[in-house]
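Take a look at the letters that make up each chain.
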Amino acid sequence: MSQRIFRIDEIRELKRKFQEKKTESVDKSGQERTPVSLDQAEEKRRIFDLYSLFQAANQIYLSSDQNRLFFNFAQNLQKQLNTKSVLILLPEPGGKQLKAKYSKGIDFLQFSELSLEEADPLYEKFKEKESVYQLYQLLEEYQGNEFLARLISQGFQICFPLSLPDDKLGLVLIGGSTEGIRYSQEVFLILNFLSNVLNVSLKNITQYKKLEELSYTDSLSGLYNHRYFVKRLSEEIFRAKRYQRKLAFVIFDIDEFKIYNDSFGHQSGDQIIRQLGELILKVVRSIDIVCRYGGDEFCIIMPETDQEECLKFIERLRKSIQHHPFVDEFLQMEHHLTVSAGAAIYPQHARTVEKLIYGADMALLNAKNSGKNKTLVYSGEEIPLKNTVQL
């Protein structure tokens, strides 16, 4: 699907020109001149309409996230088109259908289950050609189509496909005019223009999100990095405090990993880190946040988890790692490793980020000092360090 994309510098230049036109219609004292003809009155109306349109485009373009973007888009469409209602359908993650996601001027609950399947002939038509469609005209070609019949019965008159990133399809549905008249060609042009702005803004947001993900991802293990860990642990403690729920924090590392690196080389060690990251992601729950703390240390933030549930999970993870064959591609060998883990629970053991990390770290040291390959929970006591150097 191809479309004319306005660059932001073009939008700003057009906005500047129309602002100049608007300024020219005001005299030096700041008072508007009395229109001497219908043509001048019509020109002023058009200048005002265009200025309002560019204000709407600017608001859409400057939206900082996807939710705000589509909310602003629906809101400005309703205002610029003088329509009773707007409904936006977007693709389901991993699904094969479009579902209602955003609305303006209607009760969203009435349409929350509305969907358009990929197998529907209408889906293919919208995918092939991006154009403004009048629903009653589509009836001639798609008689008996349930999706189309429901839209018309609910007062929708126009639909417009959206070209989304990754070759995805979206759909904008427009209700009847607040003025009770048929939509003109000018309305179609406005819809196309604002959709272009939406598309540019959505691409920017998508690219920013990808860059943000890269900044929070550890390139070796594929897990979140230490920077993201600090951010999320603070957020999760705040959430646990607000809703009075428990939160488990676990930190673990590979036993004798220095000896492994010294024996087989750091490239083999990197393979272990990479494979361990993949294994952890297969074992953890979808709500858990897994990060590489640094070196061979990993940590897991476990929302809504008490001590019993935490121990049960970490023991399962520890045994999965112990029995997993780690493959060395360079030496064509399999290795078996063990890990030691320490855990602390909010608010049982700590109520701040620093103290929760400290508690889990002390439990890890205790596990190391008492034989390795085990999981311990913070006991509330400071763990004496072996072989420390006094400064």
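Our subject is the structure that appears above.
Structural notes, computed from the coordinates. Given the structure is predicted, the values throughout are model-derived calculations rather than measurements.

Secondary structure assignment for the chain yields twelve helices and 13 strands. Carbon and sulfur atoms form 50% of the exposed surface of the chain, whose accessible area is close to 22,100 Å².

This brings us to the sheet that holds strand E6 (residues 168-175). Strand order in this open sheet of six strands is E3-E2-E1-E6-E5-E4, and the pairing throughout is antiparallel. Each end of this open sheet is capped by a strand with a single partner; those strands are strand E3 (115-117) and strand E4 (133-134). Here E4 pairs with strand E5 (residues 156-164) via two bridges, running antiparallel. Across the sheet, the residue bridging to tyrosine 133 is cysteine 159, located in E5. Of the strands in this sheet, strand E2 (97-104), E3, E4, E5 and E6 touch helix H4 (residues 121-128), which is tilted by about 100° from E6.

This brings us to the packing of helix H8 (residues 226-243) against helix H12 (residues 353-369). Two quantities define a packed helix pair, namely the angle between the helix axes and the distance between the axes. Their axes nearest at 10 Å, the elements H8 and H12 cross at an angle of 110°. With respect to H12, the axis of H8 lies roughly perpendicular. Facing Phe229, Leu233, Ser234 and Ile237 of H8, the residues of H12 in contact are Val353, Leu356 and Ile357.

Axis separation between helix H3 (residues 66-81) and helix H7 (residues 185-215) bottoms out at 11 Å; the angle between their running directions is 170°. As judged from the angle between their axes, H3 and H7 are roughly antiparallel. Within the contact between the two elements, H3 uses Gln66, Leu69, Phe70, Phe73, Leu77, Gln80 and Leu81 and H7 uses Val187, Ile190, Leu191, Leu194, Ser195, Leu198, Ser201, Leu202 and Ile205. Of the residues in the contact of H3 with H7, the class split is twelve nonpolar, four polar and no charged.

We now examine the side chain of arginine 292. Inspection of the secondary structure puts arginine 292 in strand E8 (residues 289-294). Looking at arginine 292, its side chain comes within polar contact range of the main-chain oxygen of glycine 295, at 2.9 Å.

For the rest of this paragraph, the subject is a negative patch on the surface. A contiguous patch of negative charge on the surface is contributed by Glu117, Glu118, Glu124 and Glu128. Following the sequence through the fold, glutamate 117 ends up in strand E3. Relative accessible area serves as the criterion here: at 37%, glutamate 117 is assigned to the partly exposed category.

Thresholds applied
- Residues numbered from 1 in each chain as written.
- Predicted model: local features only at pLDDT ≥ 70, side-chain atom pairs only at ≥ 80, totals over all residues.
- Heavy atoms only, no water.
- Helix = DSSP H or I, 4+ residues; strand = E, 2+ residues; numbered from the N terminus.
- Areas by Shrake-Rupley, 256 points an atom, 1.4 Å probe, with all protein chains shown as cover.
- Pairing = 2+ DSSP bridges.
- Contact = heavy atoms within 4.5 Å.
- Axes fitted to C-alpha atoms, helices over the stretch in contact; angles between N-to-C directions.
- Parallel < 35°, antiparallel > 145°, perpendicular 65-115°, else oblique.
- Nonpolar A, V, L, I, M, F, W, Y, C, P; charged D, E, K, R; others polar.
- Polar contact = N/O pair within 3.5 Å; in protein donor to acceptor, adjacent residues only side chain to side chain.
- Patch = residues over 30% accessible without salt bridge, like charges linked within 9 Å, V, L, I, M, F, W, Y side chains within 5 Å.
- Salt bridge = Lys/Arg side-chain N within 4 Å of Asp/Glu carboxyl O.
- Lys, Arg positive; Asp, Glu negative; His and termini not counted.
- Charge placed at Lys NZ, Arg CZ, Asp CG, Glu CD.
- Buried < 20%, exposed > 50% of the residue type's maximum accessible area, 1.4 Å probe, protein only.

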